[in-house]
Amino acid sequence: MSKAISVVVIGRSLNQQERTRLRSSSQTPLAIVAELPNAPQVLDELNRLRPQAAIVLLNGDLNHSFQLVERIHQELPDTAVICSSEDNSPDVILKSFRSGATEFLRQPLVESEIASVFAKIEQAVVRPEESHLGRVIALYSSKGGCGTTFVTANLAASLARLTRKRACVVDLNLQAGDQPLYMGLEPNYSIHDIVRNFDRLDDQLLASYLTQRSKYLALLAAPTEIGKDEDVKVEHVTRAIALLRAQADFVVIDPPRVLNELTISALDAADDLILLLTLDIPAIRSAKRALDIFTRLGYDRSRIKVVINRYAKTPEFDLKQVEKVLETQVFATIANDYQAAIASINVGEPLVLSKNQSRVIHDFNHLASKLTGIRPHSEPPPPPGPPRTGWTSIFGGRR
Ligand SMILES: Nc1ncnc2c1ncn2[C@@H]1O[C@H](COP(=O)(O)OP(=O)(O)OP(=O)(O)O)[C@@H](O)[C@H]1O
Ligand SMILES: [Mg+2]
């Protein structure tokens, strides 16, 4: 990975001389990743690019520029803001710092000042790949329709909400990735952009290919165009996961069912492998087979967590029997609530982020909590009371 500090310039484009001076004066290499006008979309672009530094050229309406500085400071706390102006009166410098700038550069740019400003930023910059390793969680189910996509989206949302840390879903269903539907997103970029720009891929570029659902929840989408899936190879997936791990706290992978090289490369990278099944004979048999394959692949049993989706107590299967067949303990269960699940998919909002009262939400919070060791904010909903009959079942308060 390049050690350059990524910089976005806002206000106007730099001229060639300014650009050269910036680059040559800083001891640390600078990657000027974008030059943007101070327009309404600028914050969206910054959120997408997540630069380590933003130079705001104070021109035009000064108050407007200071408002922008304030918003960058609030929304992108990891981005150092540098104000720059020809007017270096105490008033302008003071207002810059009050708005949240950490540095000020005079214009025309002075080499020694650039050097000292970026030396300070270099000290403060958080270098994700060196300082941080997120946790990779791969879902897997060898039988279709067990809810892998639904569980991935909701688990990621639940982890993000519980920990207030960044979770990124990776959709490896390359032919027909449904995650955008489940997460309510319309991606402009996908894993195919990683393939196209693999030679110059670094964490900044990768970050620009993510689709943000919120500050803490993002998606690396499957290719949006038909026929692009074949270009995606193991090296792309491995590199993408490694870079994502460096910038997200949780990387939650929705792989395809087929255990090909690509799927295995994703499972290999996982710290936790959630084997998902439903309580029916075909799913239990598939899970048993998957566990055998994981053993042959040399996966440590402690990495594998068996989770039962669409769980409802039935006389045919009790969990103890399933544990006996699989020779593994069940790590968690997620209740069956088709109405709630399908409603959330139809509106494109992960169920755990909705106001629904479904038991499923509690179960996801419990799963996220068990994985992270962090207690959920809310206690489980009270057990359902006796079935309502007659008038109460019609007017009984449920909306
Ligand atoms: N806990 C649940 N309760 C009720 N319905 C659920 C639950 N989890 C998933 N479903 C429903 O199951 C269906 C299949 O879910 P999903 O698409 O996530 O499965 P999948 O395993 O990803 O399928 P595929 O193999 O096609 O990729 C969806 O309609 C979803 O609403
Ligand atoms: Mg799926």
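Rules used in this analysis
Residues numbered from 1 in each chain as written. Chains lettered and ligands numbered in written order. Predicted model: local features only at pLDDT ≥ 70, side-chain atom pairs only at ≥ 80, totals over all residues. Heavy atoms only, no water. 1 Å grid on protein atoms, 1.4 Å probe; cavity = no way out; pocket = protein on both sides within 12 Å on 5 of 7 lines; lining within 4 Å. Points joined across faces, edges and corners; volume = space filled by probe spheres on them. Nonpolar A, V, L, I, M, F, W, Y, C, P; charged D, E, K, R; others polar. Pairing = 2+ DSSP bridges. Helix = DSSP H or I, 4+ residues; strand = E, 2+ residues; numbered from the N terminus. Axes fitted to C-alpha atoms, helices over the stretch in contact; angles between N-to-C directions. Contact = heavy atoms within 4.5 Å. Phe/Tyr/Trp six-rings, centres within 6.5 Å; stacked < 30°, edge-to-face > 60°. Buried < 20%, exposed > 50% of the residue type's maximum accessible area, 1.4 Å probe, protein only. Lys NZ or Arg CZ within 6 Å of the ring centre and 35° of its normal. Core = buried A, V, L, I, M, F, W, Y, C linked by side-chain atoms within 4.5 Å.

Caption draft 1: Fine view of empty space enclosed by the protein. Tallied over the full model, the rule gives two cavities of 30 Å³ or more. What the second largest cavity holds in volume is close to 40 Å³. Around the second largest cavity, the lining residues are Leu14, Leu22, Ile55, Leu57, Ser84, Leu105 and Leu109. Class assignment for the residues of the lining of the second largest cavity results in six nonpolar, one polar and no charged.

Caption draft 2: Geometry of the sheet that holds strand S4 (residues 80-85). The five strands are arranged S2-S1-S3-S4-S5 in an open sheet whose pairing can be described as parallel. The sheet is open, and its two edges are formed by strand S2 (30-36) and strand S5 (103-106), each paired on a single side. Here the strands of the sheet are splayed against their neighbours by 25 degrees on average, with no regard to which way each runs. As judged from the six bridges shared by strand S1 (residues 5-10) and S2, these two strands associate in the parallel manner. Its bridge partner being in S2, Val7 is matched across the sheet by Ile32. Each of S4 and S5 is contacted by helix H4 (residues 90-99), which is oriented at about 145 degrees to S5, the strand it contacts most. Against the sheet, helix H5 (residues 111-124) touches S1, S2, strand S3 (53-57), S4 and S5, its axis set at about 160 degrees to S5.

Caption draft 3: Molecular detail of the packing of aromatic side chains. Evaluation of the coordinates by the stated rule reveals four aromatic pairs. Taking 5.9 Å as the distance between ring centres and 65 degrees as the angle between the ring planes, the aromatic pair formed by Tyr140 and Phe294 counts as edge-to-face. Of the two residues, Tyr140 sits in strand S6 (residues 135-140) while Phe294 sits in helix H13 (residues 281-296), which places them 154 residues apart along the sequence. When sorted by exposure, Tyr140 lands in the same class as Phe294, which is buried. An aromatic cluster of three or more residues is present, and its members are Tyr140, Phe294 and Tyr299. Across the ring face of Tyr299, the terminal group of Arg303 is positioned such that the distance to the ring centre comes to 4.5 Å. Against the face of Phe331 rests Lys370, its NZ or CZ located 4.5 Å from the ring centre.

Caption draft 4: Seen up close, the nonpolar core. Residues Ile253, Leu275 and Phe294 are the most contacted members of the largest nonpolar core, which totals 50 residues. Element by element, the count of residues in this core is highest for H13, at six residues. Among residues more than four places away in sequence, those in contact with Phe294 are Tyr140, Leu267, Leu273, Leu275, Tyr299 and Ile304. Ile274, Ile334, Leu351 and Leu371 belong to the second-largest nonpolar core, a separate cluster that totals 39 residues.

Caption draft 5: Local environment of the sheet that holds strand S13 (residues 330-335). Taken in spatial order, the eight strands of this open sheet run S8-S9-S7-S10-S6-S11-S12-S13, and their pairing is mixed. At either margin of the open sheet sits one strand with a lone partner, and together these are strand S8 (211-212) and S13. Bridge analysis of S6 against strand S11 (residues 272-277) gives four bridges, and the strand direction is parallel. By the bridge assignment for S11, Ala138 is matched with Leu273. Contacting S6, strand S7 (167-171), strand S9 (217-220) and strand S10 (250-254), helix H11 (residues 234-247) crosses the sheet at an angle of about 150 degrees to S10.

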